[in-house]
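Spelled out from the first residue to the last, the chains are:
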Amino acid sequence: MNLNYKELLPQDFAASSRVWIYQGNRLFSLSEALQVEELLNAFAGQWLSHGTAVKGFATLFFGQFIILMADESATGVSGCSTDGSIRLIKQIEQQFNVQLFDRQLLAFVIKDKLQLIPMSQLNYAAENNFIDGETLYFNNTVQTKEELENKWIIPAKDSWLASRIQFKKEVIS
């Protein structure tokens, strides 16, 4: 699985740009992904905060993650502009019958594929060697462009999950 995404991020956005990540509960089909990209591009091009254009970016990564970014060094994002982005995400949920607000579904790279594991099944997954501390995890709690670049796809042991999962200790013989 090719995890290179950083070069697809806008280079002219400040490191402190705000980021929102919405993870789908399934992969979008190719035709759906193209339609979603159209909706995201249209939204980013018309994103307003109190009538002023927001320097925005919106895209779909890995066919499953909607990334919204606002460079607030240009224009701050208000409650109204955040509400507009939520309306867009809800529209995508309805139009494509996908869930984008389920924070209990966690994404990992397992056997070179994106796999979703319900939070309630994390310890089971660790006990049965589906995941370990080195398994790459999509940390959707990142809030800035800098965090998106450096702390989004990280080993599970380096994430907030480390305190929630009992990883097996490796036995060295």
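Residues numbered from 1 in each chain as written. Predicted model: local features only at pLDDT ≥ 70, side-chain atom pairs only at ≥ 80, totals over all residues. Heavy atoms only, no water.

Caption draft 1: The environment of D102, seen in detail. The residue D102 is located in the loop between α2 (79-96) and β6 (105-110) in this model. When the C-alpha positions of D102 and N41 are compared, they lie 23 Å apart, and in sequence the two are 61 residues distant. For D102, the side chain forms a polar contact with the main-chain nitrogen of Q104, separated by 2.9 Å. (Helix = DSSP H or I, 4+ residues; strand = E, 2+ residues; numbered from the N terminus. Polar contact = N/O pair within 3.5 Å; in protein donor to acceptor, adjacent residues only side chain to side chain.)

Caption draft 2: Unusual backbone geometry, seen in detail. You will see that F62, though not glycine, has its phi angle at about 55°, which is positive. If you trace the backbone, F62 turns up in the loop between β4 (56-61) and β5 (65-70). Phi at N129 is positive, roughly 65°, even though this residue is not glycine. Tracing the backbone shows N129 in the loop between α3 (122-127) and β8 (136-138). We classify N129 as exposed; its relative accessible area is 55%. (Buried < 20%, exposed > 50% of the residue type's maximum accessible area, 1.4 Å probe, protein only.)

Caption draft 3: Layout of the side chain of S159. Considering the arrangement of structural elements, one finds S159 in the segment after β9 (153-155). Among the residues examined, S159 registers a relative accessible area of 10% and is labelled buried. A distance of 2.8 Å separates a polar atom in the side chain of S159 from the backbone oxygen of A156. At 3.0 Å, the side chain of S159 and the backbone nitrogen of L161 are in polar contact. Residues in contact with S159, not counting those within four places in the same chain, are Y137 and I154. (Contact = heavy atoms within 4.5 Å.)

Caption draft 4: Summary view of the sheet that holds β5. Overall, antiparallel pairing links the three strands, which are arranged β1-β5-β4 in an open sheet. Strands with a single pairing partner mark the edges of an open sheet, and in this sheet they are β1 (18-23) and β4. Between one strand and the next, the sheet's axes are offset by a mean angle of 15°, whatever the strand orientation. Sitting on the sheet, helix α1 (residues 30-46) is in contact with β4 and β5, with an inclination near 170° to β4. (Pairing = 2+ DSSP bridges. Axes fitted to C-alpha atoms, helices over the stretch in contact; angles between N-to-C directions.)

Caption draft 5: Highlighting the sheet that holds β6. Spatial strand order, β7-β6-β8-β9: four strands in an open sheet with antiparallel pairing. Strands at the two margins of the open sheet, each flanked by one partner only, are β7 (113-118) and β9. Taking the axes of each pair of neighbouring strands and ignoring which way they run, one obtains an average angle of 35° across the sheet. Inspection of the sheet shows β6 paired to β8 by two bridges, in the antiparallel sense. The residue of β8 that forms the bridge with V109 is L136.

Caption draft 6: How the structure looks around the pairing of β6. The buried count for β6 comes to six of six residues, which makes it a mostly enclosed element. With burial as the criterion, each face of β6 is covered, one bearing L105, A107 and V109 and the other bearing L106, F108 and I110. In the sheet, β6 pairs with β7 via six bridges, with the strands oriented antiparallel. Along β7, the bridge assignment pairs A107 with L116. The turn joining β6 and β7, which pair antiparallel and follow one another in sequence, is formed by two residues; a positive phi near 50° is taken by K111.

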